[in-house]
Amino acid sequence: MAKADRLERLDVRREELEQAYREALIAALQTTASGKWGLFDHQKDKAARAKAAPIVADLCDTADEIDNLRATLGLEPFALHQDFMAARGPVSSDAVGEPKQARAWLDRLGVPA
């Protein structure tokens, strides 16, 4: 019984963290969609990268905690964070800009314009 209660508390904590991650990601995406570059790290702009670094670090820290809980609960790693991290980094010169990419992510997450 104690183990079941512990696992239930861990699962509730996981759900809370996943919701907090989603909210933080949406806020960052909305900022990027409004024209602030850096979240996706597509350019070699040090100032934009520095502004986005604390946001990305917080997302990564939260995702690490989520993944630890998911591992304990026997669940797959947190896919939303994996997808986000895969979308970051250098892109070709003809790729969609960060604001448009952020808007596409917001659409994917069901956030109205």
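Everything below is about the structure printed above this text.
Rules used throughout
Residues numbered from 1 in each chain as written. Predicted model: local features only at pLDDT ≥ 70, side-chain atom pairs only at ≥ 80, totals over all residues. Heavy atoms only, no water. 1 Å grid on protein atoms, 1.4 Å probe; cavity = no way out; pocket = protein on both sides within 12 Å on 5 of 7 lines; lining within 4 Å. Points joined across faces, edges and corners; volume = space filled by probe spheres on them. Helix = DSSP H or I, 4+ residues; strand = E, 2+ residues; numbered from the N terminus. Nonpolar A, V, L, I, M, F, W, Y, C, P; charged D, E, K, R; others polar. Salt bridge = Lys/Arg side-chain N within 4 Å of Asp/Glu carboxyl O. Buried < 20%, exposed > 50% of the residue type's maximum accessible area, 1.4 Å probe, protein only. Phe/Tyr/Trp six-rings, centres within 6.5 Å; stacked < 30°, edge-to-face > 60°. Axes fitted to C-alpha atoms, helices over the stretch in contact; angles between N-to-C directions. Parallel < 35°, antiparallel > 145°, perpendicular 65-115°, else oblique. Left-handed = near helix turned anticlockwise from the far one by under 90°. Contact = heavy atoms within 4.5 Å. Core = buried A, V, L, I, M, F, W, Y, C linked by side-chain atoms within 4.5 Å.

(A) Broad picture of the layout of surface pockets. Quantified by volume, the largest pocket comes out at close to 150 Å³. Those elements giving two or more residues to the lining of the largest pocket turn out to be α1 (2-33) and α2 (46-72). Ranked by the residues each element gives to the lining of the largest pocket, the list is headed by α2, at 4 residues. Split by residue class, the lining of the largest pocket holds 6 nonpolar, 3 polar and 2 charged.

(B) View of the pattern of salt bridges. With the rule as written, the count across this model stands at 9 salt bridges. Notably, a salt bridge pairs Arg13 with Glu16, separated by 3.9 Å at the nearest N-O pair. On the criterion of helical spacing, the pair formed by Arg13 and Glu16 is a turn pair, its members being 3 residues apart in helix α1. Judged by its relative accessible area of 46%, Glu16 falls in the partly exposed class.

(C) Structural detail: empty space enclosed by the protein. Applying the stated criterion across every chain, the model contains 1 cavity of 30 Å³ or more. Taken as a whole, the largest cavity encloses approximately 40 Å³ of empty space.

(D) Inspection of the packing of aromatic side chains at higher detail. Throughout the structure, instances matching the rule amount to 4 aromatic pairs. When the ring of Phe40 is compared with that of Trp105, the centres are 6.5 Å apart and the planes differ by 45°; the resulting orientation is tilted. Placement of Phe40 in the loop between α1 and α2 and of Trp105 in helix α4 (residues 98-108) is noted, with a sequence separation of 65 residues between them. Look at Phe40 and you get buried, because its relative accessible area is 0%.

(E) Expanded view of the packing of α1 against α2. With their axes 9 Å apart at the nearest point, α1 and α2 run at an angle of 155° to one another. By the criterion of interaxial angle, the relationship of α1 to α2 is roughly antiparallel. The two elements α1 and α2 cross, and the hand of that crossing is left-handed. Along its contact with α1, which presents Arg6, Leu10, Arg13, Arg14, Leu17, Glu18, Tyr21, Ala24, Leu25 and Ala28, the element α2 presents Ile55, Leu59, Thr62, Ala63, Glu65, Ile66, Leu69, Arg70 and Thr72.

(F) Spotlight on the nonpolar core. Counting 24 residues, the largest nonpolar core has Tyr21, Leu25, Leu29, Phe40, Phe84 and Trp105 as its most contacted members. Taken together, the elements giving at least two residues each to this core come down to α1, α2, α3 (79-87) and α4. Among the elements that make up this core, the one with the highest residue count is α1 (7 residues). When neighbours within four sequence positions are excluded, Leu25 is seen to be in contact with Leu59, Leu80, Phe84, Trp105 and Leu109.

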